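Structure at a glance
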Amino acid sequence: MFANVGWGEMLILVIAGLVILGPERLPGAIRWTSTALRQARDYISGATSQLREDLGPEFDDLREPLGELNKLRGMTPRAALTKHLLDGDDSIFTGRFDGPRVDKPVSSPAPTPQVAPPSAGAPPQPPAVTPFDTDAT
């Protein structure tokens, strides 16, 4: 219930309560609040267990659509596209294509250029880089 409340917020609440209620009434107010929260939690768990007893196996069928709604609520647009339109394949977004690769058959191997050994007086040449066209891939 208070998962998003950190220690800083709790300290501010205690200081505000100390200023508003005063040091005499603050412990009683904290005690009353904790008792009220505990009772509310017990009522909710009791209602849940009573529904489970009354409905039996249909209770789980009732909870399934709520679970699906929670999944959809936390879904980002990218995850929704991936799940529903692309059947879970997110390679279009990541750029990693792990599917089968189809290459054109090569009729004969390309000849490898013969590189002469570097001479003693000339600086070494860097290896030839094959050009890569990103628009063609």
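- The name given to the chain in an unreviewed UniProt entry is Sec-independent protein translocase protein TatB, with the source organism recorded as Mycolicibacterium holsaticum.
- What UniProt states about the chain under its Sequence similarities (unreviewed entry) heading is, verbatim, "Belongs to the TatB family."
- The UniProt entry for the chain carries the following text under Subunit (unreviewed entry): "The Tat system comprises two distinct complexes: a TatABC complex, containing multiple copies of TatA, TatB and TatC subunits, and a separate TatA complex, containing only TatA subunits. Substrates initially bind to the TatABC complex, which probably triggers association of the separate TatA complex to form the active translocon."

1. Considering the overall build of the chain
- When helices and strands are tallied, the chain shows 5 helices and 0 strands.
- Looking at the chain as a whole, 4% of its 137 residues are labelled buried.
- Counting only carbon and sulfur atoms, one obtains 63% of the accessible surface of the chain, whose full area is about 13000 Å².

2. Overview of the environment of Thr-48
- Looking at where Thr-48 falls in the secondary structure, it is placed in helix α2 (residues 26-55).
- What makes Thr-48 partly exposed here is its relative accessible area of 30%.
- Considering only alpha carbons, one finds Thr-48 and Phe-59, 11 residues apart in sequence, at a separation of 9.6 Å.

3. What to know about the UniProt feature "transmembrane region" (unreviewed entry) in the chain
- In this numbering, the UniProt entry assigns the feature "transmembrane region" (unreviewed entry) to residues 6-23.
- Here residues 6-23 is 83% helix and 0% strand, with 23 Å between the C-alpha atoms at its ends.

4. Section: the packing of α2 against helix α3 (residues 58-73)
- The N-to-C vectors of α2 and α3 enclose an angle of 120 degrees; their axes lie 7 Å apart at closest approach. On the basis of their axis angle, the class for α2 and α3 is oblique. In this structure, α2 contributes Thr-48, Leu-51, Arg-52 and Leu-55 to the contact, and α3 contributes Glu-58, Phe-59, Leu-62 and Arg-63.
- In terms of residue class, the contact of α2 with α3 is made up of 4 nonpolar, 1 polar and 3 charged.

Reading the values: the criteria
Residues numbered from 1 in each chain as written. Predicted model: local features only at pLDDT ≥ 70, side-chain atom pairs only at ≥ 80, totals over all residues. Heavy atoms only, no water. UniProt positions renumbered as here; feature names shortened; annotations may be inferred. Helix = DSSP H or I, 4+ residues; strand = E, 2+ residues; numbered from the N terminus. Buried < 20%, exposed > 50% of the residue type's maximum accessible area, 1.4 Å probe, protein only. Areas by Shrake-Rupley, 256 points an atom, 1.4 Å probe, with all protein chains shown as cover. Axes fitted to C-alpha atoms, helices over the stretch in contact; angles between N-to-C directions. Parallel < 35°, antiparallel > 145°, perpendicular 65-115°, else oblique. Contact = heavy atoms within 4.5 Å. Nonpolar A, V, L, I, M, F, W, Y, C, P; charged D, E, K, R; others polar.

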